[in-house]
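Below, each chain spelled out in residue letters.
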Amino acid sequence: MSLSMFAKRGLGRLAPPATKSFLPHRAPAIPTRSFTSRRSVLDRIEPDHALYGVLGLNGAVFLMWQTAQTREKKAFMVENFTTSLMHLKAGRVHTLVTSVFSQMSTSHFLMNGVGLYFFGREVSHMIGAKRFLGLYVGSAVVASLCQIAYDTYERRHSIMLGASGAVNAITSFYICAFPHSTIYIMAIVPLPAYVAGGLFILRDLWGASTAGNSVGNVAHLGGAACGFLFFRRYAALRRYF
């Protein structure tokens with residue numbers, strides 16, 4: 001479950017940002033200087049294309065899970081699209097990235113996908129495609145490492161998958177940018193974004209302290225922290241430019 005506008009048993013819907021926001025709605029991306037041809041290509045990607053590309057990759061991996069019917073195919077998916085300390089020790093470091101596009105269940109896929117779409121549209125237009133992709137992948141990797149470190153400390157052995165850490169980072173960035181916008185919980189209860197964000201963090205803190213909890217709450221918190229720090233950096237750069 002991600003730090004987003006969704007509760008455990010329902011979907012919320014996002015109201016347009018209020019006029020009293022920390023940053024202007026869909027602020028122009030910070031100008032950057034390209035030093036390599038690869039960076040030039042990333043600079044030319046439209047924000048919507050970056051978002052739809054990420055959603056498409058999540059959808060493709062989800063379909064791979066659904067069509068993995070044989071033992072060999074399932075083993076391939078577990079080895080290459082989930083991550084854990086055992087994966088890293090075995091040299092499968094790439095799973096820190098591939099696992100962030102991986103959702104096995106339909107509910108997990110829909111929750112992360114809808115949250116990524118609604119919050120990601122605003123954030124991608126604010127910071128540009130290149131920074132959006134960096135925030136998505138970078139925060140997800142950090143979130144996974146946080147969960148692995150916590151599980152190691154607790155002497156637990158678990159495998160992780162899902163975009164929740166990245167979605168939490170994007171949601172956290174959005175809440176920092178538009179703290180007074182309205183988020184509807186379960187499509188019914190309207191809350192200011194900063195209140196909803198605080199409740200989500202408290203939920204993950206409680207979940208992380210609960211024995212036997214299979215949800216990656218520490219990964220959620222790690223992703224949220226990345227989004228907050230990224231926003232602070234973004235705001236500082238906007239003041240500079």
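Residues numbered from 1 in each chain as written. Predicted model: local features only at pLDDT ≥ 70, side-chain atom pairs only at ≥ 80, totals over all residues. Heavy atoms only, no water.

### A word on the overall build of the protein
Across its full length, the protein holds 10 helices and two strands. Along the protein, from the amino end to the carboxyl end, the secondary structure elements read α-α-α-α-α-α-α-α-β-β-α-α. Summarising the internal contacts of the protein: among those between residues at least 6 apart in sequence, 75% fall at separations of at least 24. (Helix = DSSP H or I, 4+ residues; strand = E, 2+ residues; numbered from the N terminus. Contact = heavy atoms within 4.5 Å.)

### A few points about the packing of aromatic side chains
Following the criterion strictly, the structure yields nine aromatic pairs and no others. Ring pairing ties together the aromatic residues Phe-173, Phe-230, Phe-231 and Tyr-234, which thus form one cluster. (Phe/Tyr/Trp six-rings, centres within 6.5 Å; stacked < 30°, edge-to-face > 60°.)

### Section: helix H9 (residues 193-208)
Taking 1.5 Å as the rise per residue, H9 with 16 residues should run 22 Å; its terminal C-alpha atoms sit 22 Å apart, in good agreement. Within H9 the residues assigned to the buried category are Ala-193, Ala-196, Gly-197, Phe-200, Asp-204, Gly-207 and Ala-208. Taken down its axis, H9 places every buried residue within 110° of arc, on the same side. Those residues of H9 that are exposed and aimed more than 90 degrees away from the buried face are Leu-202 and Trp-206. (Expected span 1.5 Å × (residues − 1). Buried < 20%, exposed > 50% of the residue type's maximum accessible area, 1.4 Å probe, protein only. Arc of directions from axis to C-beta.)

### Thoughts on the pattern of salt bridges
Applying the stated criterion to the full structure yields two salt bridges. Of the charged contacts in the structure, one is a salt bridge between Asp-151 and Arg-156, with a shortest N-O distance of 2.9 Å. Residue Asp-151 is classed as buried on the basis of its relative accessible area, which comes to 5%. Here Arg-203 makes a salt bridge to Asp-204, at a shortest N to O gap of 3.5 Å. Using a relative accessible area of 25% as the deciding quantity, one classes Arg-203 as partly exposed. (Salt bridge = Lys/Arg side-chain N within 4 Å of Asp/Glu carboxyl O.)

### Digging into the environment of Leu-55
Relative to the assigned elements, Leu-55 resides in helix H2 (residues 47-66). Sequence spacing of Leu-55 and Phe-109 is 54 residues, and the spatial spacing of their C-alpha atoms is 9.9 Å. Residues in contact with Leu-55, not counting those within four places in the same chain, are Gly-113, Leu-116 and Tyr-117.

### A look at the UniProt feature "transmembrane region" (unreviewed entry) in the protein
With numbering aligned to this structure, UniProt lists the feature "transmembrane region" (unreviewed entry) at residues 49-68, 100-120, 132-150, 156-176, 183-202 and 214-231. When the span residues 132-150 is considered, its composition is 100% helix and 0% strand, and the gap between its end C-alpha atoms is 27 Å. (UniProt positions renumbered as here; feature names shortened; annotations may be inferred.)

### A look at a nonpolar patch on the surface
A grouping of Leu-199, Ile-201, Leu-202 and Leu-205 is seen on the molecular surface, where their side chains present a nonpolar patch of about 360 Å² in accessible area. The residue Leu-199 is located in helix H9 in this model. When its relative accessible area of 45% is taken as the criterion, Leu-199 is described as partly exposed. (Patch = residues over 30% accessible without salt bridge, like charges linked within 9 Å, V, L, I, M, F, W, Y side chains within 5 Å. Areas by Shrake-Rupley, 256 points an atom, 1.4 Å probe, with all protein chains shown as cover.)

### Things to note about helix H8 (residues 164-177)
Under the 1.5 Å per step criterion, the end-to-end length of H8 is 20 Å for 14 residues, consistent within 8% with the ideal 20 Å. Taken across its 14 residues, H8 has 14 buried, putting it largely inside the fold.

### Details of the side chain of Asn-80
Topologically, Asn-80 is positioned in helix H3 (residues 71-81). Residue Asn-80 is classed as buried on the basis of its relative accessible area, which comes to 16%. Discounting chain neighbours no more than four positions away, the residues touching Asn-80 are His-94, Thr-95 and Thr-98.

### Some points on unusual backbone geometry
Phi angles above zero are rare outside glycine, and Arg-155 is one such case at about 60°. Residue position: Arg-155 is located in the loop between helix H7 (129-153) and H8.

### Some thoughts on the packing of H7 against H8
Interhelical geometry of H7 versus H8 gives an angle of 125° and a closest axis separation of 7 Å. It follows that H7 is oblique to H8 by the angle criterion. By crossing handedness, the relation of H7 to H8 is classed as right-handed. Contact residues: Phe-132, Leu-135, Tyr-136, Ser-139, Ala-140 and Ala-143 in H7; Gly-165, Ala-166, Ala-169 and Ile-170 in H8. Partitioning the contact of H7 with H8 into residue classes produces eight nonpolar, two polar and no charged. (Axes fitted to C-alpha atoms, helices over the stretch in contact; angles between N-to-C directions. Parallel < 35°, antiparallel > 145°, perpendicular 65-115°, else oblique. Left-handed = near helix turned anticlockwise from the far one by under 90°. Nonpolar A, V, L, I, M, F, W, Y, C, P; charged D, E, K, R; others polar.)

### Overview of the side chain of His-87
Mapped onto the elements, His-87 comes out in helix H4 (residues 85-89). On the accessibility criterion, His-87 (4% relative accessible area) is buried. Once residues lying within four places of it in the same chain are set aside, the contact partners of His-87 are Val-78, Glu-79, Thr-82, Arg-92, Thr-95 and Ile-159.

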